[in-house]
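This is what each chain is made of:
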Amino acid sequence: MQDTGRRAFVKIAFLVGAVLSIIPFVPWGTYLSSTIKTGSAQRTLAQKVVVDDIPSKYGAAAGKVVNVNDLSTFPPNDHWVVTYPTSGDLTVDAENPDTFQKFELIRLPTTLGGDSKKATDFVAYSKVCVHLWCSPNYNPAPGHMQYECPCHGSIYQLPKEDSSGQLVDAGKAVAGPASFQAFPQNAIPMLTLQADANGDLWIFYFNADWAKTTVSSGKANIVSVDPIEGDGTIGYGRDYASYQNFIRPAAQAPLNADEESVPVS
Ligand code: FES
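In what follows, the accompanying structure is described. (Residues numbered from 1 in each chain as written. Predicted model: local features only at pLDDT ≥ 70, side-chain atom pairs only at ≥ 80, totals over all residues. Heavy atoms only, no water.)

### Brief notes about the pattern of salt bridges
The final tally for this structure, using the stated rule, is 4 salt bridges. Here Asp200 ties to Lys48 by a salt bridge, and the two come within 3.0 Å at their closest N and O atoms. Within this pair, whereas Asp200 is found in the loop between strand E12 (192-195) and strand E13 (201-204), its partner Lys48 is found in strand E2 (residues 46-48), the two being separated by 152 residues in sequence. For Lys48, a relative accessible area of 29% gives the class partly exposed. In this structure, Glu104 engages Lys127 in a salt bridge whose closest nitrogen and oxygen atoms are separated by 2.8 Å. Of this pair, Glu104 sits in strand E4 (residues 102-107) while Lys127 sits in the loop between strand E5 (122-126) and strand E6 (137-139), placing them 23 residues apart in sequence. Neither residue differs from the other here; Glu104 and Lys127 are each classed as buried. (Salt bridge = Lys/Arg side-chain N within 4 Å of Asp/Glu carboxyl O. Helix = DSSP H or I, 4+ residues; strand = E, 2+ residues; numbered from the N terminus. Buried < 20%, exposed > 50% of the residue type's maximum accessible area, 1.4 Å probe, protein only.)

Given below as structure tokens:
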């Protein structure tokens, strides 16, 4: 009787172990991107970057539109959480517990040009680790300055300077289980950022190539790109080699800044 019970326990433990072992290899993005693909036919294509309105956490930055010129409210080597896509209501966004709609906005340290007053001063990393979905946090301490997952130690790096001075490989997992996963699940999803002529920071709808998008009759004519290249695919990784493509040049006004939400087919 005791042996029967032990055998049953071993069987169950084996099954649970088998399921857990394949979790990192399931293409979660296939399922999770529906988080924002369903619902209203209107999608937010361009959204100003607003820090979650939680004064106890974010002080003077809480509820503020991020402006690349404001180095005192948004200093280098600091971090905040933003909600994307926004509900349009600061209180609702701040209370939204869905980490798949949360991104860590990090202003790079000055050593990486975080005080240059450009969109490239910032990165926006998903709050969902591509390993088993815990929420990583930016660690600004000397010797760290990286995005660290508290669960199993995955570490995602800030963009690094290559030999030609270009910042590359933003969000690449460099330690922990996420770093052993196959592309594209070896990098944290990122949002595409752009500053307008006033310095306000914008998030652009991922999977759209705004360099090629045109506006006619008040509608955006969107040019889609590969969902992985398009970055920010919720719950999925990205091609970190394409980092430069997804940080738009500073002071390049959004194509349809007056029309934040347009129909999407
Ligand atoms: S969930 Fe495992 S390292 Fe992040």
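Following the structure, the description resumes.
### Some thoughts on unusual backbone geometry
Of note in this structure, Met145 is not a glycine but carries a positive phi near 50 degrees. Relative to the assigned elements, Met145 resides in the loop between E6 and strand E7 (146-148). Within the chain, Asp169 stands out as a residue other than glycine whose phi angle is a positive 60 degrees. Position of Asp169 among the secondary structure elements: in the loop between strand E10 (167-168) and strand E11 (173-175).

Just geometry here; none of it tells us what the structure is for.
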